[in-house]
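Notes for the structure review
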Amino acid sequence: MSGHGTPIPMMSRPCGPLSGEAHVPGDKSISHRSLILGAMCVGQTRITGLLEGEDVLDTGRAMEAFGATVTNHGDGEWTVTGVGVGGFAEPEQVIDCGNSGTGVRLIMGAMATCPITVTFTGDASLNGRPMGRVTDPLALFGTQAVGRQGGRLPMTLVGAVDPVPVRYVVPVPSAQVKSAVLLAGLNAPGQTVVIEKEATRDHTERMLQGFGATLTVEQTDEGRVITLDGQPELTPQTIVVPRDPSSAAFPVCAAIITPGSDVLVPNIGLNPTRAGLFTTLQDMGADLVYENMREEGGEPVADLRAKFSPDLKGIAVPPARAASMIDEYPVLSVVAAFALGVTDMQGVKELRVKESDRIDAMAKGLRAAGVSVDEGPDWWKVTGLGHGNVPGGATVASQLDHRIAMAFMVMGMATQKPMSVDDGSPIATSFPIFEDLMAGLGAQIVRTNS
Ligand code: S3P
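In what follows, the accompanying structure is described. Only a predicted model underlies this, so the values are computations on that prediction, with no experimental measurement involved.

Moving on to the pattern of salt bridges. When charged atoms on two side chains of opposite charge get close, those side chains can pair. Enumeration over the complete set of coordinates arrives at 26 salt bridges. A salt bridge links Glu196 to Lys178, with the nearest nitrogen and oxygen atoms 3.1 Å apart. One end of the pair, Glu196, is in strand E11 (residues 191–196); the other, Lys178, is in helix H5 (residues 175–185), and 18 residues separate them in sequence. Summarising the burial analysis for this pair, Glu196 and Lys178 share the class buried. Put simply, Arg129, Arg201, Asp327, Glu355, Arg358 and Asp401 are held in one network by salt bridges that share partners.

Spelled out as structure tokens, the structure:
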């Protein structure tokens, strides 16, 4: 089953050393936020390095439906001419967010305090994901929501006409929920306060400050307390989107497991709320170093050099690190298969409600490839077999999940027999140049229906 068209079965064959430079696309989280915040100020925001994946393009189309003008100038350069805080017009059509949980949840927040009614839908994956985690706090502003059973899309939101500010303790570690509440708080009078017990990616906070909102962050006994002054005048910005650490994860992990490899992945954003995978790989004994550490646009940035690492060991990944690497567990579990010993991943319940149930999707594929996996509701353990010992030779259902498809394509580079996925089309949601980029390093990924 494919989100945006015909399924694309793919196979990855064991290959020789990977080498060269991997220029991965722009950060998905920052790309969504650039378009949405650009639409929420009056005037023109310029964006370079925007991720031109399907998820972000769907968000761009949504911003146009709300009255903003989104223009592609080529080569990753975009402009957004916004309508201002509270200025969203009512779209004439249903807003289709495709595969993107980030897109739909952030946009719900952004429209929730505007006096408009909007119906949202998505693909089969997105329409199966819980939206109550966002519509519950939005109800506190006065927003009404009616969806399918279990708070699923398609869903209609009626924005609050007289929004009130909100104080909300986020019950799950989710930057999407935090961001939805903050974006809704923009058009509420007074101060909106969001408290998160565990720190999640902080791009919304940083970018709101960059766009001129008054927002403070304080660490207290309750957690991270974020206070936003409502109804600001946001100022258009020039945004340079850093390259996505979650996309960098794939060439980095591929180099680590593929004998003889030496790959440079330049200009990767290393915001501490995103960099947990790289620390974890180093803890496992991977030959991964940060070169040319610097700061760009207020964010730490480095070039990552990853080399084949023959002596990987399984480790217990600290649960406190989970939020900073939540999208990287699928590809980490692949690296774990090539390590010796058990990699124990605890406190990861959120993996069950991503584009797929990622524990289930990875466990099925790893087991089919000859790797032992134990799992519980919020944990899983992969027993690694060591280099050269992972059988492979399986075809795995990617379950409309880009990161599952890419993880198994990486795995096939170092298994004894090739690995296949039934559908690689979801890769285009976040990493449209994945196949070309990997081929440029020496990988052998082929489409098997052509
Ligand atoms: C994202 C937050 C994460 C992550 C997603 C992008 C964001 O989800 O999985 O890919 O941009 O805010 P949660 O915040 O729901 O964990």
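That covers the picture; the talk isn't over yet.
What follows is about the packing of helix H3 (residues 101–111) against helix H4 (residues 132–141). Interaxial distance between H3 and H4 falls to 10 Å at its minimum, and their mutual angle equals 10 degrees. The angle between the axes of H3 and H4 places the two elements in the roughly parallel class. Across the interface between the two elements, Arg105, Met108 and Gly109 of H3 pack against Arg133, Val134, Thr135 and Leu138 of H4. Taken together, the residues that form the contact of H3 with H4 break down as 3 nonpolar, 2 polar and 2 charged.

So, on to the layout of surface pockets. By volume, the largest pocket is sized at about 750 Å³. Looking at the largest pocket, it is lined by 31 residues, and the ones nearest its centre are Ile30, Ile239, Val240, Val241 and Pro242. Elements supplying a minimum of two residues to the lining of the largest pocket: helix H6 (203–210), strand E14 (238–240) and strand E17 (299–307). The leading source of residues in the lining of the largest pocket is H6, at 4 residues. Taken together, the residues of the lining of the largest pocket break down into 14 nonpolar, 11 polar and 6 charged. The set of elements that each furnish at least two residues to the lining of the second largest pocket consists of helix H1 (28–39), H3 and H5. Classifying every residue of the lining of the second largest pocket gives 9 nonpolar, 9 polar and 18 charged. Summarising the domain contributions, the lining of the second largest pocket has at least three residues from each of domain 1 (10–24 + 242–447) and domain 2 (28–239).

What follows covers H6. Taken as a whole, H6 has its buried residues at His203, Thr204, Glu205, Met207 and Leu208. Just downstream of H6 lies Gly212, where phi reads positive at about 100 degrees.

Before going further, it helps to examine the environment of Met325. Inspection of the secondary structure assignment puts Met325 in the loop between strand E18 (316–317) and helix H9 (329–337). With a relative accessible area of 0%, Met325 lands in the buried category. As a C-alpha pair, Met325 and Ala249 span 76 residues in sequence and 9.9 Å in three-dimensional space. Contacts of Met325, omitting those with residues within four sequence positions, involve Gly276, Leu277, Thr280, Val317 and Leu332.

Rules used throughout
- Residues numbered from 1 in each chain as written.
- Predicted model: local features only at pLDDT ≥ 70, side-chain atom pairs only at ≥ 80, totals over all residues.
- Heavy atoms only, no water.
- Salt bridge = Lys/Arg side-chain N within 4 Å of Asp/Glu carboxyl O.
- Helix = DSSP H or I, 4+ residues; strand = E, 2+ residues; numbered from the N terminus.
- Buried < 20%, exposed > 50% of the residue type's maximum accessible area, 1.4 Å probe, protein only.
- Axes fitted to C-alpha atoms, helices over the stretch in contact; angles between N-to-C directions.
- Parallel < 35°, antiparallel > 145°, perpendicular 65-115°, else oblique.
- Contact = heavy atoms within 4.5 Å.
- Nonpolar A, V, L, I, M, F, W, Y, C, P; charged D, E, K, R; others polar.
- 1 Å grid on protein atoms, 1.4 Å probe; cavity = no way out; pocket = protein on both sides within 12 Å on 5 of 7 lines; lining within 4 Å.
- Points joined across faces, edges and corners; volume = space filled by probe spheres on them.
- Domains from an automatic or database assignment.

Read these as layout, nothing more, since geometry by itself doesn't imply function.
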